[in-house]
Amino acid sequence: MAAADHRPHYEIRVAGRLPDRWAAWFDGLSVSAEADGTTAIRGPVADQAALHGLLDRVRDLGLPLVALTPIPDPRRTPR
């Protein structure tokens, strides 16, 4: 039985479109181009240091940050 994963989940939204192949650059988080012309980077983040590391990568790519939002773990969201 796998250990429970209690890492918080976040959505980082940036202006512009990134192909999903950038997921590896963002530690395996999902990367999806949205209909509104932004890109959503979503998934679990180990801790605040890891979150800041992801934001550093957004900055390093020169992507304008639109929003950073904590989101519910999709595995625990009732359907």
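Structural data are supplied above this passage.
Residues numbered from 1 in each chain as written. Predicted model: local features only at pLDDT ≥ 70, side-chain atom pairs only at ≥ 80, totals over all residues. Heavy atoms only, no water.

(A) Summary view of the nonpolar core. The biggest cluster of nonpolar side chains holds 14 residues, and the ones touching the most others in it are Ile 12, Phe 26, Val 31, Ile 41, Val 45, Leu 54 and Val 58. Where this core is concerned, the elements lending two or more residues are β1 (9-15) and α1 (48-60). When neighbours within four sequence positions are excluded, Leu 54 is seen to be in contact with Ile 12, Phe 26, Asp 27, Leu 29 and Val 45. (Core = buried A, V, L, I, M, F, W, Y, C linked by side-chain atoms within 4.5 Å. Buried < 20%, exposed > 50% of the residue type's maximum accessible area, 1.4 Å probe, protein only. Helix = DSSP H or I, 4+ residues; strand = E, 2+ residues; numbered from the N terminus. Contact = heavy atoms within 4.5 Å.)

(B) Expanded view of the pattern of salt bridges. Here the structure, examined in full by the defined rule, presents 7 salt bridges. Between Asp 27 and Arg 57 there is a salt bridge, and its shortest N-O distance comes to 2.9 Å. With Asp 27 in the loop between β1 and β2 (30-33) and Arg 57 in helix α1, the pair connects residues that are 30 residues apart, well separated along the chain. For Arg 59, the salt bridge is made with Asp 56, and the minimal N-O distance between the two is 3.4 Å. In this pair, Arg 59 and Asp 56 are both assigned in helix α1, 3 residues apart and thus about one turn of the helix distant. For Arg 59, a relative accessible area of 54% translates into the label exposed. Overlapping salt bridges, with partners in common, bring together Glu 11, Arg 13, Glu 34, Asp 36 and Arg 42 in one network. (Salt bridge = Lys/Arg side-chain N within 4 Å of Asp/Glu carboxyl O.)

Scope: geometric values only; no functional claims are made or implied.
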